[in-house]
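Descriptive structure summary
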Amino acid sequence: MKRRVYFRIGIASILICAVAMLLLFSLIKLTPKPILLSHYTSGVAVYDRKGNLLRLSLSEDDKYRLITPASEFPSSIKQASIQYEDKNFYEHKGADLKAILRAGYQTYIVGKRRIGASTITMQVARLRWNIDSSTVLGKFEQIIRALHLESHYSKKEILSAYLNLAPYGANIEGAQAASLIYFGKHVSKLSELEAISLAVIPQNPNARNPAKSLNHPTIQNAAKRLFLKSPELFEGLSAETVTLPLTYSTRQDLPYSAPHFVQYLRNLKGLNETATSIESTLDLEKQTLLEKVLSQRLQQSAELEINNASALLVNYKTMQIEAMLGSADFHNTKINGQVNGALAERSPGSTLKPLLYALGFEAGLIHPQTLVKDLPVRYLGFSPENADTQYKGAMNASDALLASRNVPAVGLQKRLSSGEFNLYDALKRYEVNLKPADFYGLALSLGGLEMTMLDLVKIYASFANGGIVKNIKATKHDINRQGEDVPISVLSKEASFMLLNTLAKHKRPLGFANNTEANNRYSASPQSQPDIAWKTGTSWGFRDAWALGISGDYVLAVWVGNFDGKANPSFKGFEAAGPILFDMFDSLTNANFIDLAWNIEDAFSSMKGSLRRVSVCKPTGGLNEKGCPLNLDTYFIPGKSPIKSTNIYRLVNIHKATGLRACKSLEGDIEQKYFEVWPTDILANFERVGILVAAIPDFHQDCLKSKRDSEVNLFSAPKITSPLNGQVFVNPISAENQPIVEIALSASVDGDTKKLNWFVNGNYIGSVTPTEPLFHQFSSGAKTITLSDDQGQVTSVNIIIKAI
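Worth saying up front: this structure is predicted, and the values here are computed from it rather than measured. (Residues numbered from 1 in each chain as written. Predicted model: local features only at pLDDT ≥ 70, side-chain atom pairs only at ≥ 80, totals over all residues. Heavy atoms only, no water.)

1. Quick look at the sheet that holds strand S1 (residues 45-47)
Overall, mixed pairing links the three strands, which are arranged S2-S1-S5 in an open sheet. Two strands in the sheet have a free side with no partner beyond their single neighbour: strand S2 (53-56) and strand S5 (277-279). Across the sheet, the mean angle separating the axes of adjacent strands is 15° when strand polarity is ignored. In the packing of helix H10 (residues 259-266) onto the sheet, contacts are made with S1, S2 and S5, and the angle to S2 comes to roughly 65°. (Pairing = 2+ DSSP bridges. Helix = DSSP H or I, 4+ residues; strand = E, 2+ residues; numbered from the N terminus. Axes fitted to C-alpha atoms, helices over the stretch in contact; angles between N-to-C directions. Contact = heavy atoms within 4.5 Å.)

Have a look at this one:
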């Protein structure tokens, strides 16, 4: 009785399906085109430059699904899927009537185990509309939907949809995601054995889930049966090789590499938001190498409470990011490890000084050996100090830069501020996010702003690119659109070369302070190492320690600090960030990413351009002159660099018997000696630091006054150092002529000047010694300030006092 009922139901079902197929197929084309894949969200696979998977993210519905173009699926997995799931795929119109009749007969009439008759199109329909095909009505809907799909989509599109939606175990959907998870490779790179092993999983994804090792024999047997059906389709396999065991990875084995970089990519503007695959510029090998170095270094610094750092490696030739370490440990909540230090805006400390000095080279204000003043100075309420609170007096520009002296830097920024090479405008051309210039004032060169590590690397990369500013790239998409980037020139190649040549002379760091084990590494001579042109920086209050360097094809930046801004006296660029920078460069060199023989002179020889070398006097920075005890060669830009004689060494006639200065009429043995005649402000500082400079002796008593006056004057005219010529001061009182603006008048003189006389608009206001300022209150209006010394020499400046 039951058999007769099942028979009738089976016959009825078959007839219903057949009739429905015949009637509906002719009408189905009149219906709207259904949406197939566009409503599915996709995860994102991020790869490094060599195709290594960095991260595979979930879709919005928590599936490992990567919607992949049909062209990227290899023929092996297409053929395997068709052969295993639907060998008549290209012959039917969505539903295989013969297969349905056969399945219905076996299931409902003969009463054997249920067998499927679903075509690939029907499976796509079931997956697309979430159909329960275990019921007659569900099966009927599945057939209708399949016919609907076939009437609007090509076989290629339907097969692609199947390979994108088929279940491969747990929450893994699609062959691309399955290939990445189980075999760690793009689906296009699957071997034939791997392809047919994947093809058999969707038929029973639970029993054949590769994540369970017990299922591997089941997959292997199914793959063998598939191969034996049509061995001619898989020419690279044999009956023996098809049974070879495969090694499967699982979801737990998915990489989580360079997490800060991956997140940075996901947030990039202009990146295709629908992209399921991102080919990045990152080099996983270099990333892993630098992560190892950083971890080792921070272990050594634990006693100094240095426990977090960031680093960025960019190839300045391609401008591609090859490593990004956003923090010491992404997963460490104690250090706020998920913050990306490469993107955080921080004070750069002194790392902007190289740009400042390069602008000085460009403007023709200095060359590497130009003498700059490191003396107390005041600029309208701002008095810059050096980190050691000491003053060197006078030093070469290159020494001032490498020693990171603040006072000379501020002086140079002041001199540049009114010209086309001012620091603020230069930073704007690098696209640094800045407030109005008045907000920063002269503190800009000392790190009185906030900028990112990416900003700094972009600036340093321009030094290696001959002064040309180029955008940093992170993806293949960026590389392909590089023609849209218009390079901007901030510096000449000559100024850039002089800067790099100077920075390469910076000595190597010793390592973390008070850490003997770490310091021993740096006791050896670095002669066998490639050049590194580098600079450090320390922000105010010891909150940020920086080191940036150029070596080989790379710009490398290192930051040490706390993301919460907590200060630490150990956060000093040279002592904290510098050793990490050098360790990282050393590791890149040892891994053959940087040539041991790489050097600035050869690598950037094409940037020398019109540069020439000239012999200068090292103590003065001027042209080599008689009396100079030490000279050296330096680069200069002809017609631009301020190469001139300083007249510091002056030849004086000395009476041998008394050692006094001789005049022409003085009898007896006379010899000529060179004396150093420094400006009084520099000379006073020399005395403070214990540097003794022999003064020119007084005239011999037998030299009459008239005879002295006939002698050549050895001393230069005084120079007013405050206020500066053309300077404008503001009177904050509305009433005119109120003497409320007080200005310190000071000057620099040389020789044996003992007294300075000051005048305002021709009126005498007072006298002081050369080393002390004269404070005077000024009323509003234009003022001419005149200075005369006791040698009768005079100089003047003009200023304006404005009333508000």
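2. Overview of the state of the cysteines
Each disulfide is one covalent bond, formed between the sulfur atoms of two cysteines. Taken as a whole, this structure holds two disulfides when the rule is applied. What pairs with Cys-663 in a disulfide is Cys-703, and their sulfur atoms sit 2.0 Å apart. As the torsion about the S-S bond is roughly -100°, the Cys-663-Cys-703 disulfide counts as left-handed. Note that Cys-663 is positioned in the loop between strand S17 (649-655) and strand S18 (670-676) and Cys-703 in the loop between helix H23 (680-688) and helix H24 (705-709), a separation of 40 residues in sequence. The exposure class of Cys-663 is buried, given its relative accessible area of 2%. The disulfide pattern of the protein chain is 1-2, 3-4 when the bonded cysteines are numbered in sequence order. (Disulfide = S-S within 2.5 Å. Buried < 20%, exposed > 50% of the residue type's maximum accessible area, 1.4 Å probe, protein only.)

3. Quick notes on the pairing of strand S13 (residues 544-551)
Extensive coverage of S13 is indicated by the burial of eight of its eight residues. Relative to S13, strand S12 (residues 533-538) runs antiparallel, the two sharing six bridges. Bridge pairing in S13 links Lys-535 to Leu-548. From the end of S12 to the start of S13, which pair antiparallel, there are five residues, and Gly-541 there has a positive phi angle of about 80°. Relative to strand S14 (residues 554-561), S13 runs antiparallel, the two being bridged by eight bridges. Bridge pairing links Gly-549 to Leu-556 in S14. Between S13 and S14, which pair antiparallel and follow one another directly, the connecting turn spans two residues, one of which, Gly-552, has a positive phi of 60°.

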